[in-house]
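Chains, contacts and geometry: an overview
Spelled out, the chains give:
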Amino acid sequence: MQTHTHGKWMISIIIVLMSLFSSAGMSKASDDDVVNAVVNISVSKVRAWDNGYNSAGVGTGFVIDAQQGLILTNKHIVQTGPVVAYAEFANKQQLPLVPVYRDPVHDFGVFRYDPAALTMTVNAITLSNHASVGTPIRLYGNDSGENLSIIQGVLSRIDREAPAIRSTDADFNTFYFQAALGTSGGSSGSPILNPDNQAIAINAAGRNDTETAFFLPMEMVLPTVKKLIAGQSVTRGTLQTVFNHVPYPRLATLGVSAERLDQWQQQQGASGKLMVAHVLPKGVADGKLFPGDILISLNQQSVDDFRQLENSLNQKVGQTLTLQVLRNGQDQAVQLSVADLFALMPSEFIEFGEAVMIPVGIGLSRLFNIPAEGVTLVNPGPVFGSQNIGRYALIEELNGKQINQLSDVLAVLADVPADGRFSVRYRYPQNIRDQRYKMITAHGKWFTNQHCMRRDEQVHWFCQQIAFAQAKPEQRAARNQPDVTSAIVDISVFRPIKVNNQSDVSRHGQGAVVDVNSGLILADRALLDSSLAQVGVTFNNGQSVSARVVAIHPYLNMAMLQADLSDIAFKRKVLPKLASISPNVNQTYGFIGKSEMEDFQVDVKAIWPELMPNGALHDSVMFEPLPPYFGLFLDDKHRITAVNTQYYRNKEWHLDVIPGELVKDFVDAVRGQQQGLYIIESQFDYTSYTEASELGIDNLGLPYRNRHLSVKSVESLRQQALQPGDIVLEVDQQAMLSLNQLYMAIDKDQSEMAVLRNGERHTITTDNQLRKFNPFTDVVNWAGSVIHEIRHNIYLPEGVAEQCMAISIYYYGGPVHSANIPGSSCIYTIDGERVFNAADILRLIGNKKSGDYTKVQVVELGNNFRISEFRLQEEPVYWPVTHWALQQQQWQQQALE
């Protein structure tokens, strides 16, 4: 009963406070000033950093100096790494922002806009460091990205520990405020206002499981902001130590004497002491301070809270302090030099093969309990990612040379040729005991490599190109190679540009030599989905050759490599033969493949007919056992009866057995230098005799068959001669008995086809489509996206198009991503002009500059070809335009006009 009464009393107090808040002199003009001073910030983090990968998002900021155009927000909005940001004011005017300040520890930063460009009047929000529990507060922000959400509440705590966030952005050595506001993404950086419309804190974080929100107190912000406004330099010192604030009653449980506690409690305004919680390895306090030490004073000045500690350290950067601490009940004097926090905050990066390397800063040091020294890989990119080197890898050696800082990396890379190889020794901070070793290929042809450094008051960092060394003539010791004893080869694929909506970098699999004279090697289309790749082939005698992708089957899981095999010696009767055959049920065949790096051969039996669903439905046979590897099924004459291929779907690997007759058809087309294969844009299946009889098949006097070919669906949007439900009888006067036979019969622009429709025989002419072995020959990187042609029947206002320039993939933080353009879409117009090919895109965006607006219309493939319009802001500095073209069977980067 007593508790219940106390609860009612507290509710009454809150109601009174809320009523006071609404009548505390907050006139409408004052509210308007706040609304005009709060801005919606859209920010693109254009490179990965130690707090995450590149990204795009929204936040909030508020003007603190209208004459200089200064906006206060969170550090995780301003970012430590390179960003591009814009502020939208209350009049919907958008202005670019320049990062001015990022605090090394606390979650606040400052942007600058051009006040002369703003067409409305803004009065800055006043900052105050006075706050108490029970103060009515309001948050003005962009909660969940919604412009101007106003949330009110009551300040419930002013002495909370900083939120325990698993990030390098995690705050420490400060109190936080707390209230039940229920904020969400987008409200980061919002001002927390008292009844006088003064900002007493900045919204910084919240909990997903409660309504609790956390705010950075203004007392930790004001000293720095005042210097910035006054144009003074800011110094930030650190002992590379994390402290906790311990109230006096708890200190008694830690062994502090009653006399000492009485002495401390007599100090006015103090409520406890700072205790060492974590000393960073190899920092200035390592081996001198220890967890559990209670800080008494600095240079004989009493220190009781975080603000006093920070003010003292900021004034003594580079100097030596004498700390008095209480350790195990005994007073200890410790001398420490004060480190420069800004020197411990990464301000440069190396971009190599799209990998991003930065110095290890204090954030990463605290996150993983490692020294704030060395170099870390914050984005592996294609080059390092191709060897499965992951994020946060600590680079300890390159080519046998120790790496202590980025300049050491530059020195090693200066000696690496564009296609050279170099070694890397590394370890992960979360598993610091284990060192690892890999060999890396530079793949320098594909990437722009650079060293970039932050420039104060500038959006774009200063970057210098990294030049490659001259390649040295390769010298290999002569040795006698044994003959190759298997047609199965190992294939390694490096995908430098993310095409076909696939973001993986490296692939490994097997293939088989099917024509040694032409140098043709068959593999899975799942392995070789594009000719835009660097491919290596290794034989079982250890020899390796480079190869190029010459053909990708339009609808079956096969692709073809071509390599110079003139120096490869094969043992007799190793190479298989091609034949227009398929496996027969109840017969035994030999299977050759490779498992665990060893070639093997096993006898398998064809046990029943099977329809394989991958790509186009096709006739095949199920084997027992069915080896889970790529390989060849061979008959007793060493002829390829079928190929066992693999493909990935629904997060699982599946097997697809392709009969030899379809394999030979594909190889013959490649050997004959055909551009591709013809298809009918329809899906075919089988209809049982019973169903065909009901449709009138008996009226035609055909020999009995238990199944007939039928049209399942007509995929093309254009008017077609075929209709769903047609039974296919003949193609060019040849009877069609199987799906495989049908596919091989379609070999020209038009075919004469006899079908059963509505109980009658009809002769129709089909328009067949040539699907090229190389689906695209141009790739454009623009606005942080990869664009190339795809074959797709697309319904447009002017009719059906057979291809389009599709957004294959986009990078987070790029203009396309920031503009929310769907990935599964095709470029329709740019600035109102129709786009048909790569040349159109390059012509329309070639002269765009940073900050320019581009109007883009896209056809959303995943939304029934809806045309949508977007507006993006160009950023060619961080996302440069490049053009790659396939010329004379080689991909080359083209000069831009």
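Owing to the predicted nature of the structure, the values given are computational and were not obtained by experimental measurement.

So, the nonpolar core
- Counting residues in hydrophobic clusters, the biggest one holds 69 residues, and the most contacted among them are Phe 62, Ile 71, Leu 72, Phe 89, Leu 289 and Leu 323.
- The contacts of Leu 289, once residues within four sequence positions are left out, are Thr 241, Phe 243, Val 276, Val 279, Leu 323, Val 325, Arg 327, Val 334 and Leu 336.
- Counting 48 residues, the second-largest nonpolar core is a separate cluster that includes Met 558, Val 667, Ile 679 and Val 728.

Quick notes on the sheet that holds strand S9 (residues 157–161)
- One open sheet accounts for seven strands, arranged S8-S7-S11-S12-S13-S10-S9; its pairing is antiparallel. Of all the strands in the sheet, just strand S8 (149–154) and S9 have a single pairing partner and so form its edges. When strand polarity is set aside, the average angle formed by the axes of neighbouring strands in this sheet is 40°.
- Sheet analysis places strand S7 (residues 136–141) next to strand S11 (residues 191–193), joined by two bridges and oriented antiparallel.

A look at the state of the cysteines
- With the rule as written, the count across this model stands at two disulfides.
- In this model Cys 452 forms its disulfide with Cys 463; the gap between the sulfur atoms is 2.0 Å. When the S-S torsion is 115°, as for the bridge of Cys 452 with Cys 463, the disulfide is right-handed. Remark: Cys 463 occurs in strand S30 (residues 462–465) and Cys 452 occurs in strand S29 (residues 450–453); sequence separation between them is eleven residues.
- Cys 804 shares a disulfide with Cys 826; S-S distance 1.8 Å.

Looking at helix H15 (residues 838–845)
- For H15, a buried count of six out of eight residues is recorded, marking the element as mostly surrounded by other parts of the structure.
- For H15, the complete set of buried residues consists of Ala 838, Asp 840, Ile 841, Leu 842, Leu 844 and Ile 845.
- Residues of H15 that are buried make contact with strand S51 (778–782), strand S52 (785–796), strand S53 (799–810), strand S54 (825–830), strand S55 (833–834) and strand S58 (882–887).
- Of the residues flanking the start of H15, the one acting as N-cap is Asn 837, its side-chain oxygen 3.2 Å from the backbone nitrogen of Ala 839.

Structural notes on the pairing of S53
- Alignment of S52 against S53, held across ten bridges, turns out to be antiparallel. The partner of Ile 794 across the bridge, within S53, is Ala 801.
- Between S52 and S53, which pair antiparallel and follow one another directly, the connecting turn spans two residues.

Quick look at the sheet that holds strand S39 (residues 618–624)
- Strand order in the open sheet made by the six strands is S39-S38-S37-S40-S41-S42, with antiparallel pairing throughout. Lying at the two open borders of the sheet, with one neighbouring strand each, are S39 and strand S42 (652–659). Across this sheet, the average inter-strand angle for adjacent strands is 35°, counted without regard to direction.
- Examined bridge by bridge, strand S41 (residues 640–649) and S42 share eight bridges and lie antiparallel to one another. Bridging from a neighbouring strand, Tyr 647 pairs with His 654 of S42.
- Against the sheet, helix H11 (residues 660–671) engages S39, S41 and S42, with an angle of about 80° to S42.

Here we look at the pairing of S41
- Taken across its ten residues, S41 has eight buried, putting it largely inside the fold.
- Examined bridge by bridge, strand S40 (residues 631–634) and S41 share four bridges and lie antiparallel to one another. By the bridge assignment for S41, Phe 633 is matched with Ala 642.
- The turn linking S40 back onto S41 is made up of five residues, and His 638 within it adopts a positive phi angle of 65°.
- The turn joining S41 and S42, which pair antiparallel and follow one another in sequence, is formed by two residues; a positive phi near 55° is taken by Asn 650.

Looking at a positive patch on the surface
- Residues Arg 572, Lys 573, Lys 577 and Lys 637 make up a contiguous surface patch of positive charge.
- Mapped onto the elements of the fold, Arg 572 is located in the loop between strand S36 (559–563) and strand S37 (588–595).

With respect to the packing of aromatic side chains
- Under the defined criterion, the tally for this structure stands at 27 aromatic pairs.
- Between Phe 89 and Tyr 113, the aromatic rings sit 5.0 Å apart at their centres with planes inclined by 70°, giving edge-to-face as the arrangement. Highlighted residues: Phe 89 in the loop between strand S4 (83–88) and strand S5 (94–102) and Tyr 113 in the loop between strand S6 (109–112) and S7, separated in sequence by 24 residues. The two residues Phe 89 and Tyr 113 agree in class, both being buried.
- Consider the rings of Phe 666 and Phe 773, whose centres lie 5.6 Å apart with planes at 75°: the pair is edge-to-face. In this pair, Phe 666 is assigned in helix H11 and Phe 773 in the loop between strand S50 (769–772) and S51, connecting sequence segments 107 residues apart. Per residue, the accessibility class of Phe 666 equals that of Phe 773, and both read buried.
- Aromatic ring contacts, followed pair by pair, group Tyr 589, Phe 591, Phe 600, Phe 623, Tyr 629 and Phe 633 into a single cluster.
- Across from the ring centre of Trp 879, 5.1 Å away, lies the NZ or CZ of Arg 47, which sits over that ring.
- For Arg 391, the ring lying beneath its charged end belongs to Tyr 392, and the centroid distance is 4.3 Å.

Re helix H10 (residues 406–413)
- Listed in full, the buried residues belonging to H10 are Leu 406, Val 409, Val 412 and Leu 413. For H10, the angular spread of buried residues about the axis comes to 120°, placing them on one side.
- Those residues of H10 hidden inside the fold are in contact with strand S22 (348–352), strand S23 (355–359), strand S24 (375–379), strand S25 (393–398) and strand S26 (401–402).

Section: unusual backbone geometry
- Geometrically, the link from Glu 624 to Pro 625 is a cis peptide bond, its omega value of -5° lying close to zero.
- Looking at the element boundaries, Pro 625 is found in the loop between S39 and S40.
- Here the phi dihedral of Asp 732 falls at roughly 50°; this positive angle occurs in a residue that is not glycine.
- The class of Asp 732 is partly exposed, set by a relative accessible area of 31%.
- Positive phi is not limited to glycine here, since Asn 758 has a value of about 55°.
- Tracing the backbone through its elements, the reader meets Asn 758 in the loop between strand S48 (750–757) and strand S49 (760–767).

A look at the pattern of salt bridges
- Overall, the coordinates contain 35 salt bridges when judged by the stated rule.
- For Asp 726, the salt bridge identified is with Arg 757, shortest N-O distance 2.7 Å. One end of the pair, Asp 726, is in the loop between strand S45 (707–714) and strand S46 (727–731); the other, Arg 757, is in strand S48, with 31 residues separating them in the sequence.
- Among the charged side chains, a network of salt bridges with common partners joins Arg 495, Asp 504, Arg 507 and Asp 529.

Considerations on the environment of Ile 125
- In this fold, Ile 125 is placed in the loop between S6 and S7.
- Assessed through its relative accessible area of 6%, Ile 125 is described here as buried.

Observations concerning the environment of Cys 804
- Structurally, Cys 804 is set in strand S53.
- Distance in space between the C-alpha atoms of Cys 804 and Ile 827 is 7.3 Å, their sequence separation being 23 residues.
- Setting aside its immediate chain neighbours within four residues, Cys 804 contacts His 788, Glu 789, Ile 790, Ile 794 and Cys 826.

Conventions adopted
Throughout this description, residue numbers start from 1 for each chain and increase along the sequence as written. In view of the model being predicted, local features appear only for residues whose pLDDT reaches at least 70, and side-chain atom pairs are presented and counted only at 80 or more, with totals across whole chains, interfaces and linings using the full set of residues. Remark: hydrogens and water are excluded; side-chain values derive from all non-hydrogen atoms of the structure. Think of a nonpolar core as a cluster: buried Ala, Val, Leu, Ile, Met, Phe, Trp, Tyr and Cys residues, connected wherever their side-chain atoms sit within 4.5 Å. The rule is simple: take the accessible area with a 1.4 Å probe, protein chains only, and divide by the maximum for that residue type; under 20% is buried, over 50% is exposed, in between is partly exposed. Pairs of residues are marked as contacts when any of their non-hydrogen atoms sit within 4.5 Å. Only strands joined by at least two bridges in the DSSP assignment are considered to pair. What counts as a helix is a DSSP run of H or I of at least four residues, what counts as a strand is a run of E of at least two, and both are numbered from the N terminus. Every axis in this analysis is a line fitted to C-alpha atoms, fitted for helices over the stretch in contact. Angles between the N-to-C directions lie between 0 and 180 degrees. Pairs of cysteine sulfur atoms within 2.5 Å are identified as disulfides in what follows. Two N or O atoms form a polar contact when they lie within 3.5 Å of each other; inside protein one atom must be a possible hydrogen donor and the other a possible acceptor, and for residues adjacent in sequence the pair counts only when both atoms belong to side chains. A residue counts toward a patch only above 30% relative accessible area and without a salt bridge, and it is joined to like-charged neighbours within 9 Å or, for Val, Leu, Ile, Met, Phe, Trp and Tyr, to nonpolar neighbours within 5 Å. Note that accessible areas follow from Shrake-Rupley with a 1.4 Å probe, and for residues the cover is restricted to the protein chains shown. For this document, the term salt bridge refers to a Lys or Arg side-chain nitrogen within 4 Å of an Asp or Glu carboxyl oxygen. Positive charge is attributed to Lys and Arg, negative charge to Asp and Glu, and no charge count is given to His or to the chain ends. In this description, the location of a charge corresponds to atom NZ of lysine, CZ of arginine, CG of aspartate or CD of glutamate. Pairing of aromatic rings covers Phe, Tyr and the six-membered ring of Trp, with a centre-to-centre limit of 6.5 Å; geometry is then stacked below 30 degrees between planes, edge-to-face above 60, and tilted otherwise. Our definition puts a charge over a ring when NZ of Lys or CZ of Arg is within 6 Å of the ring centre and also within 35 degrees of the ring normal. The arc in question is the one spanned by the directions pointing from the helix axis to the C-beta atoms.

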